[in-house]
Amino acid sequence: QVQLVESGGGLVQPGGSLRLSCAASGRTFSRNSMGWFRQTPGNEREFVARILWIGDNTDYSDSVKGRFTIARDDAENTVYLQMNSLKPEDTAVYYCAVSEMIAPDRQPSQYAYWGQGTQVTVST
């Protein structure tokens, strides 16, 4: 059974940093593309970043580009999201996801497996 478990969320002041982790179990995902999404109450799940398994190509939403970095460790079956220069508008529940598609786009529907989410709150 595939399971994704996120960790690393919490409360941080504006300008601070957090590193989210997503540990996968049940199978290896070295040949899968992986992504991070976020969601706030009353809103749809929003694309944040993805990393393709081919060449480790990365893609970011405009709102986080230059501040967030996605990376993967296939030996550990884990994907990370390093978040720097955090802003109050980054406050959300963050979800990791795994796609069975070779090159998924930014739509949540293209990701087959999801974690339970971890809360990130950016506030003074």
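*Asks:* Sorry if this is basic, but what is going on with the state of the cysteines here?
*Replies:* Each disulfide is one covalent bond, formed between the sulfur atoms of two cysteines. Scanning all chains against the criterion turns up 1 disulfide. Disulfide partner of Cys22: Cys96, at an S-S distance of 1.9 Å. Between Cys22 and Cys96, the S-S dihedral sits near 45 degrees, and the bridge is therefore right-handed. Pair noted here: Cys22 is in strand β3 (residues 18-25) and Cys96 is in strand β9 (residues 92-99), with a separation of 74 residues, a long-range link.

*Asks:* So what exactly am I meant to see when it comes to the environment of Ala92 here?
*Replies:* Tracing the backbone shows Ala92 in strand β9. For the pair Ala92 and Val122, spaced 30 residues apart in the sequence, the C-alpha separation amounts to 8.9 Å. With near-sequence residues (within four places) excluded, Ala92 lies in contact with Arg38, Gln39, Thr40, Thr118, Gln119 and Val120.

*Asks:* In this structure, what is going on with the environment of Ser17? I would like to understand it.
*Replies:* Position of Ser17 relative to the elements: it lies in the loop between β2 (10-12) and β3. Exposure remark for Ser17: the relative accessible area of 41% places this residue in the partly exposed category. When sequence neighbours within four positions are dropped, the list of residues in contact with Ser17 reads Val12, Gln82, Met83, Asn84, Ser85 and Leu86. Of note is the side chain of Ser17, whose polar atom sits 2.9 Å from the side chain of Asn84.

*Asks:* Can you help me understand the side chain of Thr78 in this one?
*Replies:* Along the chain, the position of Thr78 falls in strand β8 (residues 78-83). In this structure the side chain of Thr78 is engaged in a polar contact, spanning 2.9 Å, whose partner is the backbone oxygen of Glu76. If we ignore the near neighbours within four places in the chain, the residues touching Thr78 are Ser21, Cys22, Ala23, Ala71, Arg72 and Asp73.

*Asks:* Can you walk me through unusual backbone geometry in this structure?
*Replies:* A negative phi angle characterises most non-glycine residues, just as the trans form characterises most peptide bonds. For Asn77, which is not glycine, the phi torsion reads 55 degrees and is therefore positive. Tracing the chain through its elements places Asn77 in the loop between β7 (68-73) and β8. Positioned with a positive phi, Ser85 is a non-glycine residue whose angle comes to about 50 degrees. On the secondary structure map, Ser85 appears in the loop between β8 and β9. What makes Ser85 partly exposed here is its relative accessible area of 40%.

Scoring rules and cut-offs
Residues numbered from 1 in each chain as written. Predicted model: local features only at pLDDT ≥ 70, side-chain atom pairs only at ≥ 80, totals over all residues. Heavy atoms only, no water. Disulfide = S-S within 2.5 Å. Helix = DSSP H or I, 4+ residues; strand = E, 2+ residues; numbered from the N terminus. Contact = heavy atoms within 4.5 Å. Buried < 20%, exposed > 50% of the residue type's maximum accessible area, 1.4 Å probe, protein only. Polar contact = N/O pair within 3.5 Å; in protein donor to acceptor, adjacent residues only side chain to side chain.

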